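As a plain string of letters, each chain reads:
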Amino acid sequence: MTLARGFLLAVALCFGADLAFAQAPGAPKAEMLAPVSPAIDAARFVLGPAIARVTVVIYGDLACPDTRRAWGYLRSDAARRADDVRIEFKHVVPHRNADIGARYLDAVLLVDRTKAAAFIDAAFAGWPPGDAASNPDAIAAAMDLAASGAGLDLDAVHARIDVAATAARIAADTAEHHAFLFHGIPGVVIDGTRVWNERGGAGYSELIEAALAR
């Protein structure tokens, strides 16, 4: 796959996320409303306490603007409910070289997971624009800046990058994402309920509040 083709695929998947929320005119089909059970790994939580009452799983890519938007909404919800909501970020990487960001995030979680959310914030804000978005050197430089900006030791992060381990996580996360019938990114699951319509963030907030009320 050429870089240009890979970039176009990433854009298509990101902008396809809105289609994934709607899926089809009218209400989602019954199989889309059934509860699901994402594989949960306490070592991968990037925001919120281990004893939180509500678990949110977001399937996305640090290079995707729609994932960035969803992360912003969810981070805001979690901030309002700091003791009650935790978020796990899973990797669905649709194009070449975007997996560099996933490798950095996995390394950050090993070095100091308390800084993972700040790293994601900085990575979204500093992802290379335009043609540089497909340049591995530019991506790595941006991730270095994001890690430094989050207060992480770069040498420690670099030492924990494991290409094979991240590739295995991407494969597992992507398979789970597809099994849950998401067709684009981001995909979001809130306490077992898939979000099919984000509605400007309200779709996330309402499901979180409903889960907390149970």
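Just so it is clear, the structure is predicted and the values come from calculations on it, not from any experiment.

Caption draft 1: Fine view of helix α9 (residues 163-179). Taking 1.5 Å of rise per residue, the 17 residues of α9 would be expected to cover 24 Å, and the 24 Å separating its terminal C-alpha atoms lies within 8% of that figure. Looking only at α9, the buried set comprises T166, I170, D173, T174, E176 and H177. Buried positions in α9, seen along its axis, are confined to an arc of 160° and lie on one side of it. Among the exposed residues of α9, those pointing more than 90 degrees away from its buried face are A164 and A179. The inward-facing, buried residues of α9 abut β2 (54-60), β3 (85-91), α5 (99-112) and β4 (187-190).

Caption draft 2: Summary view of the nonpolar core. Within the largest apolar cluster, 42 residues are counted, with the highest numbers of intra-cluster contacts made by V46, V56, I87, F89, F119 and I120. Apart from the residues lying within four places of it in its own chain, the contact partners of V46 are W71, I87, F89, L105, L109, R113, A116, A117 and I120. Formed by eleven residues, the second largest nonpolar core is a distinct cluster that contains Y59, F180, I185 and W196.

Caption draft 3: Expanded view of the side chain of T55. Looking at where T55 falls in the secondary structure, it is placed in strand β2. Under the relative-accessibility criterion, T55 is labelled buried at 14%. Those residues in contact with T55 that lie beyond four places of it in its chain are I40, F45, R86, V189, I190 and D191.

Caption draft 4: Spotlight on the packing of helix α4 (residues 65-80) against helix α10 (residues 202-213). At a minimum axis separation of 9 Å, α4 and α10 run at an interaxial angle of 35°. Two packed elements cross with a definite hand, and for α4 against α10 that hand is right-handed. Together, A70, Y73, L74, D77 and R80 of α4 and Y204, S205 and I208 of α10 make up the contact between the two elements. Here the contact of α4 with α10 is composed, by residue class, of five nonpolar, one polar and two charged.

Caption draft 5: Representation of the packing of aromatic side chains in the model. Scanning all chains against the criterion turns up five aromatic pairs. Their ring planes at 70° and their centres at 6.3 Å tell us that W71 and F89 sit as a pair that is edge-to-face. Remark: F89 occurs in strand β3 and W71 occurs in helix α4; sequence separation between them is 18 residues. Per residue, the accessibility class of W71 equals that of F89, and both read buried. The interplanar angle of 40° and the centroid separation of 5.2 Å between the aromatic rings of F182 and W196 together place this pair among those described as tilted. Here the residue F182 occupies a position in the loop between α9 and β4, and W196 occupies one in the loop between β5 (193-194) and α10, the gap between them amounting to 14 residues. Each member of the pair, F182 together with W196, is buried. An aromatic cluster is built from Y59, F180, F182 and W196, whose rings are joined through pairwise contacts.

Caption draft 6: Geometry of the confidence of the model for the protein. Scored by pLDDT, the protein has a mean of 89; 87% of the residues are at 70 or more. Scored below 50 in pLDDT, residues 15-25 shows 22 contacts in the model against residues more than four places distant or in partner chains.

Caption draft 7: Inspection of the sheet that holds β4 at higher detail. Taken in spatial order, the five strands line up as β1-β3-β2-β4-β5 in an open sheet, and their pairing is mixed. With partners counted over all chains shown, the strands left at the sheet margins are β1 (45-47) and β5, one partner each. In this fold helix α6 (residues 116-126) packs onto β1 and β3, with an angle of close to 75° to the strand it touches most, β1.

Reading the values: the criteria
- Residues numbered from 1 in each chain as written.
- Predicted model: local features only at pLDDT ≥ 70, side-chain atom pairs only at ≥ 80, totals over all residues.
- Heavy atoms only, no water.
- Helix = DSSP H or I, 4+ residues; strand = E, 2+ residues; numbered from the N terminus.
- Expected span 1.5 Å × (residues − 1).
- Buried < 20%, exposed > 50% of the residue type's maximum accessible area, 1.4 Å probe, protein only.
- Arc of directions from axis to C-beta.
- Contact = heavy atoms within 4.5 Å.
- Core = buried A, V, L, I, M, F, W, Y, C linked by side-chain atoms within 4.5 Å.
- Axes fitted to C-alpha atoms, helices over the stretch in contact; angles between N-to-C directions.
- Left-handed = near helix turned anticlockwise from the far one by under 90°.
- Nonpolar A, V, L, I, M, F, W, Y, C, P; charged D, E, K, R; others polar.
- Phe/Tyr/Trp six-rings, centres within 6.5 Å; stacked < 30°, edge-to-face > 60°.
- pLDDT = per-residue confidence, 0-100.
- Pairing = 2+ DSSP bridges.

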